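# Structure assessment
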Amino acid sequence: MTLDLFGSAHHDVRHDSPQADELGPGALVLRGFAQSQLADLQADIDAVIAQAPLRHWLTPGGKRMSVAMTNCGEVGWISDRQGYRYGTHDPLSKRPWPAMPVSFLSLARHAAETAGYRDFTPDACLINRYALDARLTLHQDRDERELGAPIVSVSLGLPATFLWGGLQRSDRTRRVRLAPGDVVVWGGPSRLVYHGIASVEGSFDAQAVRYNLTFRQAR
């Protein structure tokens, strides 16, 4: 056992792990990890969206984000002219965010443990929907109070090109193809690595989209 830069315990990857591609210290792509659960996960995504519809947040600078988003869990991520933050209530409905489905929580905890992070208990899940023209520029996930906990990111739907950079925005980026069922887990020394989505693969079918579940321990 080693101690990562944020002071949390980081353990070796379990020997029964699926194919795992290392992105950096404390960061893995678990190939096909959620493949068998995609149908159930999509059904739960649809149920959450029925309660808290997808929307395009504004950045603090007033730009409309190309990715449509919603949340489930104890808190949800919000972006508007007041800044980036977490809140307990959906600002559109004024109601609490929908509860995190059991399937989501189980998958997130299992993936984190498989990648070497035990006792991960996410209280926020961001649901992102990418149409073919959607992008997510390089950014850090740093709005969470608990930076010792990892990020767990699950891909569904269309494949995408994931950008993996460094601790500075100007660092060189790698392009990593993510297929449905792939799960990316990063924490420890890689917790604040810049990352994003460069493109989504697909046909001219306007109904075809990519979904992404991002689990965080926000507070």
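Refer to the structure above for everything that follows.
Residues numbered from 1 in each chain as written. Predicted model: local features only at pLDDT ≥ 70, side-chain atom pairs only at ≥ 80, totals over all residues. Heavy atoms only, no water.

### As for the side chain of Ser190
- Relative to the helices and strands, Ser190 resides in the loop between β13 (183-186) and β14 (195-200).
- Once residues lying within four places of it in the same chain are set aside, the contact partners of Ser190 are Gly24, Pro25, Ala27 and Trp164. (Helix = DSSP H or I, 4+ residues; strand = E, 2+ residues; numbered from the N terminus. Contact = heavy atoms within 4.5 Å.)

### Considerations on the nonpolar core
- Counting residues in each nonpolar core, the largest one holds 33 residues, and the members touching the most others are Phe104, Ile127, Val152, Val154, Val183, Leu213 and Phe215.
- Elements supplying a minimum of two residues to this core: β4 (27-30), α1 (38-51), β5 (68-73), α2 (102-114), β8 (124-130), β10 (151-157), β13 and β15 (210-216).
- Discounting chain neighbours no more than four positions away, the residues touching Phe104 are Leu41, Asp44, Ile45, Cys72, Cys125, Ile127, Leu213 and Phe215.
- Judged by nonpolar contacts, the second largest core, of 32 residues, contains Leu23, Ala134, Leu136 and Ile197. (Core = buried A, V, L, I, M, F, W, Y, C linked by side-chain atoms within 4.5 Å. Buried < 20%, exposed > 50% of the residue type's maximum accessible area, 1.4 Å probe, protein only.)

### Quick notes on the pattern of salt bridges
- Inspection of every chain in the model, using the stated rule, returns nine salt bridges.
- Arg31 serves as the salt-bridge partner of Asp182, at 2.7 Å between the closest nitrogen and oxygen. Of this pair, Asp182 sits in the loop between β12 (174-178) and β13 while Arg31 is found in the loop between β4 and α1, placing the two residues 151 residues apart along the sequence.
- The partly exposed category is assigned to Arg31, whose relative accessible area is 21%. (Salt bridge = Lys/Arg side-chain N within 4 Å of Asp/Glu carboxyl O.)

### Quick word on the side chain of Ser153
- For Ser153, the position within the fold is in strand β10.
- Side-chain polar atoms of Ser153 contact the side chain of Asn212, separated by 2.8 Å.
- Not counting the four nearest positions on each side in its chain, Ser153 is found in contact with Asp182, Val183, Val184, Trp186, Asn212, Leu213 and Thr214. (Polar contact = N/O pair within 3.5 Å; in protein donor to acceptor, adjacent residues only side chain to side chain.)

### Let's talk about the sheet that holds β12
- Here we have four strands laid out as an open sheet, ordered β9-β14-β11-β12, and antiparallel in their pairing. The strands lining the two open edges of the sheet, one partner per strand, are β9 (136-139) and β12. Taking the axes of each pair of neighbouring strands and ignoring which way they run, one obtains an average angle of 25° across the sheet.
- In this sheet, β14 lies alongside strand β11 (residues 160-164) in antiparallel orientation, the contact comprising five bridges. What sits directly across from Thr161, in β14, is Ser199. (Pairing = 2+ DSSP bridges. Axes fitted to C-alpha atoms, helices over the stretch in contact; angles between N-to-C directions.)

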